[in-house]
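Per-entry structural report
Listed below, chain by chain, are the residues.
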Amino acid sequence: MIKAVIIDDEQHCIDRLCNLLPEIKNPVIKMSGTAQTVDEGISLISKHHPQLVFLDVQIADKTGFDLLKAIPDAQFQVIFTTAHERYALQAFRFCALDYLLKPVDVDELQAALLKVNASKNNSVISEQISELLKGIGTKPRKIGVPTLNGIVFVPVSEIIRCHADGNYTELHLAGKKQMVVSKTLKEFENLLADYSFFRVHHSDLVNLDYVKSYNKGKGGYLMLDDNSSVEVSSRRKEELLKKLGSM
Amino acid sequence: MRILILILLGIVTSIANGEHNVLDSLLKQAQQYRVEDTNRASVLNQLSIELSNSDFEKGMAYADSSISLCKRINSDIKLATAYYAKARNLSSDGQDSLAIANYQIAYDLNKKIGKELACGTMLQNMGISFYNLSYYKKATEMHTKALAIFKKLKNEKGTSAALNSLGIVAMELSDYSHAIEYYFESLDLAKRNNDSVVIANALMNIGIVYKNLSDLNKAITYMNNALRIYQQQSNDLYIAKAFNNIANVYGEMKQPGKSLEYYQKALEINKQSDYEYGIASNYINMGIELRQLNRYTEAYNALDKAGSIFRKIDDKNNYGISLKTKAALLLAAPDSVFPSLGISVSQRNSVSKNLLHEAQNIFSETGDYASLSDVSDELCNMFEKSGDYKNALELYKQRVAYRDCVLIDENKIEVEKLEMKYDYATREQELKVANIQKQAELKSEQLKRKYTLAGGIALMLISGGFFVSYKRRKDALHKRKEAELNTERIESELKALRLQMNPHFMFNSLNSIINFIDQHKTQTASDYSVKFAKLMRMVLENSENPEVPLADELQSTELYLSLEAIRLKPKLTYAIDIESSLDAENIMIPSMLLQPFVENSIIHGITPLSDGGTISISIRQQEQWLYITIDDNGAGISPDKPALTERKSMAIKISNERIALFNERHQTHASIEYVQLNPGTRVVIKIPLTLQF
């Protein structure tokens with residue numbers, strides 16, 4: 001059984017979750033209370049010490065991030081709930097934090113709660129939250145990557161290239177390190193859109209900061225600093241050269 | 001487009017003054033000295049080279065006769081020069097590919113007989129021809145090789161020329177940092193050697209770089225410094241060029257008054273030295289500035305003068321430009337101006353039309369598509385204003401075709417530039433690394449000394465060709481912007497159409513939700529709303545992009561169908577089938593393409609049936625086309641229902657407009673076709689297969 005609270009400034013959103021939660025049988029959620037402002041939320045958490053907080057992003061004139069900042073060393077897991085704050089979604093994905101889109105879908109709620117049950121390591125939670133708070137409003141330096149052993153934070157600047165392998169993605173990192181992540185290349189492409197990454201090919205996303213040289217050809221290919229060569233699709237050639245030219 | 005004409009070097013004697021004397025004496029020698037030996041070959045070669053600046057047809061003939069003479073007397077040295085002379089004439093004639101072939105023969109011969117300096121000269125000239133052909137990469141390669149040779153031989157003129165050319169290529173590539181580096185290196189050399197001509201030329205070129213960087217104040221400062229040196233030397237030709245360039249910068253600064261003042265100064269000098277090309281260039285530029293000041297009569301007269309000179313010196317393209325500019329001016333001028341031009345207002349259109357037609361003929365001859373597109377545009381506007389839509393449409397089509405020629409050309413050049421620019425950076429890095437290693441081995445300072453000590457004289461940097469082509473370049477940029485604007489217009493219209501899809505679709509769904517609530521089906525209302533929210537989110541996201549992966553479009557279509565299936569339960573079943581060889585993630589299609597057709601099929605095909613029906617969507621590839629077929633086994637046509645083609649919703653009309661714009665944007669023939677099935681209806685959407693990667 002997991003002790004949970006809901007913090008949301010809209011009563012109907014609280015109601016919707018409260019109506020859905022009894023339908024979830026695994027894990028069983030026990031509601032300890034709800035709050036409609038950040039300040040009420042802080043005192044609710046300090047009073048009940050919940051294991052899980054459903055946290056709205058925009059809470060009246062404050063944000064869920066303000067609440068997290070006010071509680072250092074959070075000992076609870078967070079599932080954000082949001083209707084459309086896109087900047088926030090990107091930040092959540094970066095830290096591999098869970099979120100639910102409103103109106104909440106019961107299947108998605110079930111999936112998110114199953115993950116709550118599985119990972120309970122407090123140090124990872126506080127790292128996720130501290131990276132999230134660092135990253136809000138700026139370009140985060142690190143990206144949270146779910147692996148078999150939990151979430152690992154990798155500096156974006158150390159990623160040389162990402163290579164698609166079905167529904168998995170191989171990350172090739174500086175210092176000859178490699179990781180296999182169960183995310184699609186498209187997800188990485190979206191996540192890293194604001195960085196100097198470029199999809200040169202169906203199956204390769206390259207950090208242009210690591211490009212050593214470009215070799216001409218129909219599409220040509222790139223030589224990277226780790227001495228790997230990556231083919232460039234002829235359809236991407238022009239845009240790639242534009243990008244390289246502007247760097 | 002030729003911005004700068006560089007004149008070379010070594011073998012060529014100076015022809016700055018007394019050109020006619022040199023020619024005359026050479027001609028005399030050629031007539032008198034008829035012995036078939038190397039002396040005669042020398043004379044023929046020199047004559048050919050001299051003529052390359054004025055009469056390349058004759059020049060070519062002399063080169064050819066020298067070539068056959070040299071072959072008869074077996075003189076490789078003179079033969080090399082003869083090929084060089086031929087190449088120079090070919091290049092003057094604009095036949096740069098052939099010129100390169102001849103330079104290459106000359107280079108091979110010189111290499112064979114060990115004339116290193118001449119080899120450098122050939123490479124340098126080949127570079128210029130490659131530059132004229134817009135092969136910037138090759139041009140840089142040649143100039144770099146030439147530079148190495150000149151430096152090795154400590155040939156100052158050559159070193160300067162090569163540095164200068166490298167600067168010009170870099171400038172063309174908008175690689176201003178390298179351009180400035182080259183010019184500063186040349187400035188440095190010149191300062192050491194106290195060579196004020198080169199100092200001034202380098203300063204002027206640095207000024208031009210700053211102008212291109214839009215750092216106009218700095219540009220003026222450098223150009224003024226150059227001007228001061230030219231004035232000290234009383235070098236009239238260069239003073240005029242400096243005035244012209246400064247005028248150009250003032251024009252860019254939107255100070256037409258000041259700009260005019262400087263063009264006027266340039267004009268006076270050019271008139272004194274009878275430099276016709278310069279005079280005509282000044283006039284045409286002045287016409288442009290005068291028009292900015294609404295001084296139409298003076299502008300018209302200036303353009304008129306420019307035109308008659310260009311015609312006299314047989315500069316066809318610039319003559320065409322003067323005609324075109326004149327016509328544009330007439331079309332824009334207020335009625336009150338006409339009496340002073342000696343043209344009655346009622347003749348405005350007919351006079352302009354004649355000017356434009358004449359310009360059109362000239363540009364067709366010279367193959368200047370950018371200008372042709374301009375002329376078609378003006379004519380099109382004219383016809384449109386006078387209500388002659390048939391002709392207007394014809395010209396609009398022409399314009400689009402010409403514009404495409406320009407765009408394709410520019411795109412090609414752009415890619416070449418980018419490739420080049422990137423290779424540049426990479427090679428430089430490699431060089432740096434190599435250099436560091438070498439320096440460590442060889443005690444760096446000595447090496448550095450040697451490198452910078454080679455001296456040189458920069459060549460004709462800023463030639464007459466610069467001025468008009470500068471304005472023309474502006475024109476080309478303008479044109480390109482216009483084409484981009486047109487693309488933007490299409491994109492924004494497409495976007496507006498996409499956005500219109502959203503509210504339409506939203507209200508339909510809200511209506512269904514209300515129905516569920518009215519019928520007390522709360523669970524269905526809840527399920528439906530959650531799905532609807534998902535679909536809405538997807539639609540909003542997709543409609544921001546003109547094109548989306550087929551996979552995304554199918555996902556939203558499926559979500560839409562599942563919503564409709566809930567609403568119509570149990571009347572609607574559906575199937576989506578995509579050919580297994582197709583990669584839906586990689587195929588791009590216009591976003592929100594399918595939904596209106598699927599909706600139409602549901603409304604008109606399925607809902608009238610009492611037992612319900614099936615929607616089948618299939619995606620197939622055939623050659624370079626993607627066929628999206630939407631079948632329903634529904635009502636089809638019957639006497640009491642409107643015909644297929646009339647059963648069009650608002651959304652379908654919008655989709656048709658989108659397809660038309662899509663065709664305009666991509667110059668393709670996407671189509672939508674309706675087929676009567678028995679029972680049911682088939683819609684076939686045919687679009688070009690476009691891959692993302």
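All figures in this text were calculated on a predicted structure; none of them were measured in a lab.

Procedures and definitions
Here the residue index of a chain counts from 1 through its sequence in written order. Chain letters start at A and ligand numbers start at 1, both assigned in the order the entries are written. Local features in a predicted model are, by the rule used here, given only for residues with pLDDT of at least 70; side-chain atom pairs are given and counted only at 80 or more, and totals for whole chains, interfaces and linings are based on all residues. Every helix listed is a DSSP run of H or I at least four residues long, and every strand listed is a run of E at least two residues long, numbered separately from the N terminus. Backbone-placed C-beta atoms define the burial measure: a residue is buried with 20 or more other C-beta atoms within 10 Å of its own, exposed with 12 or fewer, and partly exposed in between. Placing C-beta atoms from the backbone, we regard two residues as in contact once those atoms come within 7 Å. To get an axis, a line is fitted to the C-alpha atoms, and for a helix only the part in contact is used. The angle between two axes follows their N-to-C directions and goes from 0 to 180 degrees. Should an angle fall under 35 degrees it is called roughly parallel, over 145 degrees roughly antiparallel, and 65 to 115 degrees roughly perpendicular, with every other angle called oblique. Less than a right angle of anticlockwise turn of the near helix away from the far helix marks a crossing as left-handed, whereas a clockwise turn marks it as right-handed. Each residue is assigned to one of three groups, with Ala, Val, Leu, Ile, Met, Phe, Trp, Tyr, Cys and Pro labelled nonpolar, Asp, Glu, Lys and Arg labelled charged, and all others, Gly among them, labelled polar. Here, any two strands with at least 2 DSSP bridges between them count as paired. Starting at the helix axis, one direction is taken to each C-beta atom, and the arc is that of these directions. The term nonpolar core refers to a set of buried Ala, Val, Leu, Ile, Met, Phe, Trp, Tyr and Cys residues connected through C-beta atoms within 7 Å. By the criterion used throughout, a crossover qualifies as right-handed when its path from the first strand across the helix to the second strand runs clockwise, the strands pointing away from the viewer. For every residue, the predictor states its confidence as a pLDDT score lying anywhere from 0 to 100.

**With respect to the overall build of chain A**
When helices and strands are tallied, chain A shows eight helices and 17 strands. Counting across all 247 residues of chain A, residues that qualify as buried make up 34%. In chain A, once contacts between residues fewer than 6 apart in sequence are set aside, the share between residues at least 24 apart is 54%.

**With respect to the packing of helix H16 (residues 316–332) of chain B against helix H19 (residues 369–385) of chain B**
Residue and element names in this part refer to chain B. At a minimum axis separation of 11 Å, H16 and H19 run at an interaxial angle of 25°. Judged by the inter-axis angle, H16 sits roughly parallel to H19. Crossing handedness for the pair H16 and H19: left-handed. Across from Gly320, Ile321, Lys324, Ala327, Ala328 and Leu331 in H16, the residues of H19 making contact are Ser371, Asp374, Val375, Glu378 and Met382. The class makeup of the residues in the contact of H16 with H19 is six nonpolar, two polar and three charged.

**Details of the sheet that holds strand S1 (residues 547–549) of chain B**
Residues and elements named next belong to chain B. Spatial strand order, S1-S3-S8: three strands in an open sheet with antiparallel pairing. Two strands lie at the open edges of the sheet, namely S1 and strand S8 (690–691), each paired on one side alone. Direction of pairing for S1 relative to strand S3 (residues 587–590): antiparallel, over a ladder of three bridges. Within the sheet, the bridge partner assigned to Glu547 lies in S3 and is Pro590. Most of the contacts of helix H24 (residues 550–568) go to S1, to which it runs at about 85°, and overall it touches S1 and S3.

**Side note on the interface of chain B and chain A**
Tallying the contact residues gives 14 residues for chain B and 16 residues for chain A. Contributing elements (two or more residues each) for the side of chain B that touches chain A: helix H20 (389–442) and helix H23 (522–542) of chain B. Among the elements that line the side of chain B that touches chain A, the one with the most residues is H20(B), at six residues. Of the residues assigned to the side of chain B that touches chain A, the class counts are seven nonpolar, four polar and three charged.

**Things to note about the sheet that holds strand S6 (residues 671–677) of chain B**
All names here are of chain B. If you trace the five strands from one edge of the open sheet to the other, you get S2-S4-S5-S7-S6, paired in mixed fashion. Among the strands making up the open sheet, the edge pair consists of strand S2 (572–578) and S6. Across the sheet, the axes of successive neighbouring strands diverge by a mean angle of 15°, strand direction being ignored. Taken together, the seven bridges between S6 and strand S7 (residues 680–688) define a ladder with antiparallel strand orientation. For Leu677, the partnering residue across the bridge sits in S7 and is Gly680.

**Brief notes about helix H4 (residues 86–94) of chain A**
Residue and element names in this part refer to chain A. When we look at burial in H4, the residues that qualify are Ala88, Ala91, Phe92 and Phe94. For H4, the arc enclosing every buried residue in end-on projection is 160°, short of the 170-degree limit, so these residues lie on one face. As for H4, its buried residues are in contact with strand S6 (77–82), strand S7 (98–101), helix H6 (122–135), strand S8 (142–147) and helix H7 (185–191). In the segment just after H4, Ala96 is the residue with positive phi, at about 55°.

**Looking at the nonpolar core**
Nonpolar side chains tend to gather and get buried jointly when the protein is soluble and globular. All names here are of chain B. Within the largest apolar cluster, 129 residues are counted, with the highest numbers of intra-cluster contacts made by Met223, Ala226, Ala242 and Ile246. Broken down by element, this core gets its largest block of residues, ten residues, from helix H10 (residues 196–212). The residues contacting Met223, other than those within four sequence positions of it, are Met204, Gly207, Ala242, Asn245, Ile246 and Val249.

**What about the environment of A:Val124?**
As for its placement among the helices and strands, A:Val124 is situated in helix H6. As for A:Val124 and A:Gly150, which are separated by 26 residues in sequence, their C-alpha atoms are 8.0 Å apart.

**Some points on the packing of helix H13 (residues 256–272) of chain B against helix H14 (residues 276–292) of chain B**
Residue and element names in this part refer to chain B. Direction vectors running N to C along H13 and H14 enclose 160°, while the axes themselves pass 9 Å from each other. By the criterion of interaxial angle, the relationship of H13 to H14 is roughly antiparallel. Considering the relative orientation of H13 and H14, their crossing is left-handed. For the pair formed by H13 and H14, the contact residues are Pro256, Ser259, Leu260, Tyr263, Ala266, Leu267, Asn270 and Lys271 on the first element and Gly278, Ile279, Asn282, Asn285, Met286, Glu289, Leu290 and Gln292 on the second. Each residue belonging to the contact of H13 with H14 can be placed in one class, and the counts come to eight nonpolar, six polar and two charged.

**Description of the pairing of strand S10 (residues 159–165) of chain A**
All names here are of chain A. The element S10 is largely enclosed, with a buried count of five among its seven residues. Where S10 lies against strand S11 (residues 168–173), six bridges are found, and the strand directions are antiparallel. If you follow Cys162 over to S11, its bridge partner there is Leu171. Count of turn residues in the S10/S11 antiparallel hairpin: two residues, of which Gly166 carries a positive phi of about 60°. The pairing of S10 with strand S14 (residues 204–207) spans three bridges and is classified as antiparallel. Note that in S14 the partner of Cys162 across the bridge is Leu205.

**Structural notes on the pairing of strand S2 (residues 29–35) of chain A**
All names here are of chain A. Inspection of the sheet shows strand S1 (residues 2–7) paired to S2 by six bridges, in the parallel sense. In the strand pairing of S2, Val5 is matched with Gly33. At this point the chain moves from S1, through helix H1 (residues 11–20), to the parallel S2, and the crossover so formed is right-handed.

**Points about the confidence of the model for chain B**
Residue and element names in this part refer to chain B. On average, chain B scores 79 in pLDDT, and the residues at 70 or more come to 80%. Averaged pLDDT values over the elements of chain B bottom out at 34 in helix H21 (residues 444–453) and peak at 95 in strand S5 (residues 625–632). Counting interchain partners and residues more than four positions distant, the pLDDT-below-50 stretch residues 1–19 has 44 contacts. In this model residues 442–473 is a low-confidence stretch, pLDDT under 50, and it forms 78 contacts with partners more than four residues away in sequence or in other chains. Predicted complex, confidence summary: ipTM 0.77, pTM 0.49.

**Quick look at the environment of B:Phe310**
All names here are of chain B. You can see Phe310 is positioned in helix H15 (residues 296–312). Once the C-alpha coordinates of Phe310 and Ile284 are considered, the two residues, 26 residues apart in sequence, prove to be 10.0 Å apart. Dropping the residues within four chain positions of it, Phe310 is found in contact with Ala280, Asp315, Asn318, Tyr319 and Ser322.

**Re the environment of B:Tyr107**
Residue and element names in this part refer to chain B. Within the secondary structure, Tyr107 sits in helix H5 (residues 96–112). Taking the C-beta count within 10 Å as the criterion, Tyr107 has 25 such neighbours and is therefore assigned buried. Separated by 27 residues in the primary sequence, Tyr107 and Ala80 have C-alpha atoms spaced 7.4 Å apart. Here Tyr107 is in contact with Cys119, Met122 and Leu123, once residues within four sequence places are set aside.

**Considering unusual backbone geometry**
Residue A:Pro27 follows A:Asn26 across a cis peptide bond; omega there is -5°. Tracing the chain through its elements places A:Pro27 in the loop between H1 and S2. Between B:Asn678 and B:Pro679 the backbone carries a cis peptide bond, its omega angle lying at -5°. The topology assignment puts B:Pro679 in the loop between S6 and S7. With a phi angle near 60°, A:Lys176 is a residue other than glycine that sits in the positive phi range.

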